[in-house]
Amino acid sequence: SCEEEDVEMTEDAFSVLTRIGLETSLRYAMQLISAASLVARRRKGGEVQVEDIKRVYSLFLDES
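What you see is a predicted model, and the numbers here were worked out from it, not measured in a lab.

## Some thoughts on the side chain of Ser37
Then, in step 1: For Ser37, the position within the fold is in helix H3 (residues 26–42).
Then, in step 2: Setting aside residues no more than four positions away along its own chain, Ser37 makes contact with Val7 and Val48.

## A short note on the confidence of the model for the protein chain
Then, in step 1: Summarising the model, the protein chain shows a mean pLDDT of 87, and 86% of its residues fall at 70 or more.
Then, in step 2: Mean pLDDT across the secondary structure elements of the protein chain bottoms out at helix H1 (residues 2–5), with 63, and peaks at helix H2 (residues 11–23), with 94.

## Observations concerning the pattern of salt bridges
Then, in step 1: Considering all chains together, one arrives at 1 salt bridge under this definition.
Then, in step 2: One salt bridge in this structure joins Asp52 and Arg43, with 2.8 Å as the shortest N-O distance.
Then, in step 3: Relative accessible area serves as the criterion here: at 37%, Arg43 is assigned to the partly exposed category.

## Overview of the packing of H3 against helix H4 (residues 50–59)
Then, in step 1: At a closest axis distance of 8 Å, the pairing of H3 and H4 adopts a crossing angle of 115°. H4 is crossed by H3, and the crossing has right-handed handedness. Between H3 and H4, the residues in contact are Tyr28, Leu32, Ala35, Ala36, Val39 and Ala40 and Asp52, Ile53, Arg55, Val56 and Tyr57, respectively.
Then, in step 2: Here the residues of the contact of H3 with H4 sort into 9 nonpolar, no polar and 2 charged.

## Quick word on the packing of aromatic side chains
Then, in step 1: Applying the stated criterion across every chain yields a total of 1 aromatic pair.
Then, in step 2: Between Tyr28 and Tyr57 the ring centres are 6.2 Å apart and the planes differ by 70°, which places this aromatic pair in the edge-to-face class. Of the two residues, Tyr28 sits in helix H3 while Tyr57 sits in helix H4, which places them 29 residues apart along the sequence.
Then, in step 3: With relative accessibility at 6%, the residue Tyr28 sits in the buried group.
Then, in step 4: A residue is classified by how much of its surface remains accessible, and Tyr57, at 34% relative accessible area, is partly exposed.

## Thoughts on the nonpolar core
Then, in step 1: Membership of the largest hydrophobic core comes to 18 residues, with the highest contact counts inside it found for Met9, Leu17, Val48 and Ile53.
Then, in step 2: Where this core is concerned, the elements lending two or more residues are H2, H3 and H4.
Then, in step 3: In terms of residue count, the dominant contributor to this core is H3 (8 residues).

Definitions and limits used
- Residues numbered from 1 in each chain as written.
- Predicted model: local features only at pLDDT ≥ 70, side-chain atom pairs only at ≥ 80, totals over all residues.
- Heavy atoms only, no water.
- Helix = DSSP H or I, 4+ residues; strand = E, 2+ residues; numbered from the N terminus.
- Contact = heavy atoms within 4.5 Å.
- pLDDT = per-residue confidence, 0-100.
- Salt bridge = Lys/Arg side-chain N within 4 Å of Asp/Glu carboxyl O.
- Buried < 20%, exposed > 50% of the residue type's maximum accessible area, 1.4 Å probe, protein only.
- Axes fitted to C-alpha atoms, helices over the stretch in contact; angles between N-to-C directions.
- Left-handed = near helix turned anticlockwise from the far one by under 90°.
- Nonpolar A, V, L, I, M, F, W, Y, C, P; charged D, E, K, R; others polar.
- Phe/Tyr/Trp six-rings, centres within 6.5 Å; stacked < 30°, edge-to-face > 60°.
- Core = buried A, V, L, I, M, F, W, Y, C linked by side-chain atoms within 4.5 Å.

In structure tokens:
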């Protein structure tokens, strides 16, 4: 979860991530949290936003 990963996330980003998790898997969603957090930090953002989730989702395709 975001708390375990120590990641701040907007409500909208969390909603998008939840939808992705329901369509794929919890493991995949957890990996996206970590990757999106890195993207947010790279742009010097305080919290993960929808754009960060969409960016990592487009980069990492789910195999299943």
